[in-house]
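Close look at the chain arrangement
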Amino acid sequence: METKRLFDENVMQRECEAVVVRTEPYHEGYAVVLDQTVFFPEGGQLSDTDTLTAGEKALPVKHVHEKAGEIFHETKEPLAPGTKVVAKIDWPVRFDHMQQHSGEHICSGLICARYGCDNVGFHMGAESVTIDFNADIPWGELLELEAAANRYIYEDHAIDIQLHRGAELDAIDYRSKKPLEGDVRIVTFPGADCCACCGTHVMRSGQVGIVKFLSVQKFREGVRIELLCGGRAYRYLSACWAQDVAAAQALSVKPTASAAAVERLQGELSALKLRCAKLEESVFAGVAARYAGGGDVLLFEDEMSGDSVRRLCDAVAETCGGRCAVFAGAGSAWKYAIGQRGGDLRALTKGLNAALSGRGGGKPEFVQGSVDAEREAIEAFFAEK
């Protein structure tokens, strides 16, 4: 016996009374079949969740699936056939799914109409929605379509959902990934989209609220678009705004000027890095001169970048006439660079990494890496070499 799909009759219904038809083992729990349900089963969109309540017992429903017209509510405990229950869905989650799905339809319809392409993939995740199209869609043009989709939403069009078949179905120009027969549920967003679909949708386009495209990237023969709709889009944009306000306050500019302020700071930082590099070169030359002809050298420095460690080691190795080992850091965390003109440091490096929990390597006469050891242990290692 097929389960009566109350969500097809009234998508706004949040709970219903029902009778258990049967219960069967499913994975590590049970699957409960009801005579009717408000729970939408996963398929094209995520399933509904919440509870089946029988008397004083409330069983959480974590997932719902459909097979051969029957809808199975997955629970941890069984319910006996004939048990009367109240099936209640998590309405905020359902409404979120409706917003995402309807927003996707509006955007897909507008995109397919503009490019004469097909929607060849759709995934509604817990965080965002992705849609795949077999066409190349530039980001600038996608933003134009985003604006058009939002205008359509604000116009608050009524959504039409009807079953069609036979000649009546053949006369409708609708989107579908495969040929369909029998009663086909057609979801129409007048002026935006007409598509075969079994999912849940808002009743008017205004309930979608807003759509926001996040990215477009090459995917197979076309592109994959990531977007957010409704409450998800609002929360995302609010978080971005809060972050921008905080950054703008730190930069002492208006939020709308934060990007320019960051660009200015990046320029200043690049100039400072260049100045620091020149100063380092001068300091490193002085150190190299101090150890000229000194033979093997072991140096310990405060924390510095790996590139700076390399340049200091290279400068001293050029003048000392022996092996130069530079360690920069503190405690038990050190970066190292070891150089020796005409030398072969492979055996030394292997022993160093083994003895001092290190990792690294390079060319025979120059190596870089890091160790996890105290300074005393490093000094003791080189005292034996």
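Provided above is the structure to which this section pertains.
Right, let's walk through the structure included here.

Points about the side chain of H201
- Residue placement: H201 occurs in the loop between β14 (193-196) and β15 (211-219).
- Within the structure, the side chain of H201 is placed 3.0 Å from the side chain of S102, a separation counted as a polar contact.
- Aside from chain neighbours lying at most four places away, what touches H201 is V11, M98, H101, S102, H105, V187 and F189.

Observations regarding the sheet that holds strand β12 (residues 160-164)
- An order of β12-β13-β14 is seen for the 3 strands of this open sheet, with the pairing classed as antiparallel. Each having just a single partner strand, β12 and β14 make up the two edges of the open sheet. In this sheet, neighbouring strand axes are inclined to one another by 20° on average, regardless of whether the strands run parallel or antiparallel.
- With 5 bridges connecting them, β12 and strand β13 (residues 184-189) associate as antiparallel partners. For D160, the partnering residue across the bridge sits in β13 and is T188.

Brief notes about the layout of surface pockets
- Approximately 960 Å³ is the volume attributed to the largest pocket.
- R175, S176, C195, A196 and C197 are the residues nearest the centre of the largest pocket, which is lined by 36 residues in total.
- Put simply, the parts of the chain that give the lining of the largest pocket at least two residues each are α2 (91-115), β10 (119-124), β12, β13 and β14.
- The dominant element in the lining of the largest pocket, judged by the number of residues it contributes, is α2, at 6 residues.
- A breakdown of the residues in the lining of the largest pocket according to their chemical character gives 15 nonpolar, 9 polar and 12 charged.
- There is about 190 Å³ of room inside the second largest pocket.
- What lines the second largest pocket is F7, D8, E9, N10, V11, I159, D160, I161, R185, H201, V202 and M203.
- Residue classes in the lining of the second largest pocket are distributed as 6 nonpolar, 2 polar and 4 charged.

Some thoughts on the pattern of salt bridges
- Under the defined criterion, the tally for this structure stands at 29 salt bridges.
- For E70, the salt bridge is made with R22, and the minimal N-O distance between the two is 2.6 Å. Note that E70 is positioned in strand β8 (residues 70-75) and R22 in strand β2 (residues 15-26), a separation of 48 residues in sequence.
- Given a relative accessible area of 28%, R22 falls into the partly exposed group.
- E77 serves as the salt-bridge partner of K57, at 3.5 Å between the closest nitrogen and oxygen. Placement of K57 in strand β6 (residues 57-61) and of E77 in the loop between β8 and β9 (84-89) is noted, with a sequence separation of 20 residues between them.
- Since its relative accessible area comes to 37%, K57 is described here as partly exposed.

Some words on the state of the cysteines
- Using the criterion set out here, one finds 0 disulfides in the structure.
- In this structure C117 is a free cysteine whose sulfur lies 4.3 Å from that of C112, the closest cysteine sulfur available.
- Residue C240 stays outside any disulfide, its sulfur separated by 16 Å from that of C229, the closest cysteine.

Let's talk about the environment of G322
- Along the chain, the position of G322 falls in strand β18 (residues 321-330).
- Measuring from C-alpha to C-alpha, the distance between G322 and R224 comes to 57 Å, with 98 residues separating the pair along the chain.
- Beyond its immediate chain neighbours, meaning those up to four positions away, G322 contacts G295, D296, G339 and Q340.

Quick word on the nonpolar core
- Judged by nonpolar contacts, the single largest core of 53 residues is most densely connected at I106, I111 and F133.
- Sort the elements by how many residues they give to this core and α2 lands first, with 7 residues.
- Core analysis: the second largest hydrophobic core is formed by 17 residues, F284, C324, A337 and F366 among them.

Overview of the pairing of β8
- Counting buried residues along β8, 6 of its 6 residues qualify, which places the element largely inside the surrounding structure.
- Summarising the sheet, strand β7 (residues 63-67) and β8 pair through 5 bridges and their orientation is antiparallel. Across the sheet, H63 pairs through a bridge with E74, a residue of β8.
- Remark: 2 residues form the turn of the hairpin made by β7 and β8, two consecutive strands paired antiparallel; A68 in that turn has positive phi of roughly 55°.

Here's the deal with the sheet that holds strand β17 (residues 295-301)
- In space, the 5 strands of this open sheet follow the order β17-β18-β19-β21-β20, with mixed pairing throughout. The open sheet is flanked by β17 and β20 (359-363), the only strands paired with a single partner. Strand after strand, the sheet turns through a mean of 15° between neighbouring axes, direction not considered.
- Relative to β18, β17 is paired through 6 bridges, and the arrangement is parallel. Bridging from a neighbouring strand, L298 pairs with A325 of β18.
- Across the sheet, helix α7 (residues 306-320) is in contact with β17, β18, β19 (333-339) and β21 (366-372); its angle to β18 comes to roughly 155°.

Thoughts on helix α9 (residues 375-383)
- Of the positions making up α9, those classed as buried are I378, F381 and F382. Angular distribution of buried residues about the axis of α9 spans 90°; they occupy a single face of the element. Exposed positions of α9 whose direction lies more than 90 degrees from the buried face are E376 and A383.
- Residues of α9 that are buried in the fold lie against β17, β18, β19, α8 (346-355) and β21.

What counts and how
- Residues numbered from 1 in each chain as written.
- Predicted model: local features only at pLDDT ≥ 70, side-chain atom pairs only at ≥ 80, totals over all residues.
- Heavy atoms only, no water.
- Helix = DSSP H or I, 4+ residues; strand = E, 2+ residues; numbered from the N terminus.
- Polar contact = N/O pair within 3.5 Å; in protein donor to acceptor, adjacent residues only side chain to side chain.
- Contact = heavy atoms within 4.5 Å.
- Pairing = 2+ DSSP bridges.
- Axes fitted to C-alpha atoms, helices over the stretch in contact; angles between N-to-C directions.
- 1 Å grid on protein atoms, 1.4 Å probe; cavity = no way out; pocket = protein on both sides within 12 Å on 5 of 7 lines; lining within 4 Å.
- Points joined across faces, edges and corners; volume = space filled by probe spheres on them.
- Nonpolar A, V, L, I, M, F, W, Y, C, P; charged D, E, K, R; others polar.
- Salt bridge = Lys/Arg side-chain N within 4 Å of Asp/Glu carboxyl O.
- Buried < 20%, exposed > 50% of the residue type's maximum accessible area, 1.4 Å probe, protein only.
- Disulfide = S-S within 2.5 Å.
- Core = buried A, V, L, I, M, F, W, Y, C linked by side-chain atoms within 4.5 Å.
- Arc of directions from axis to C-beta.

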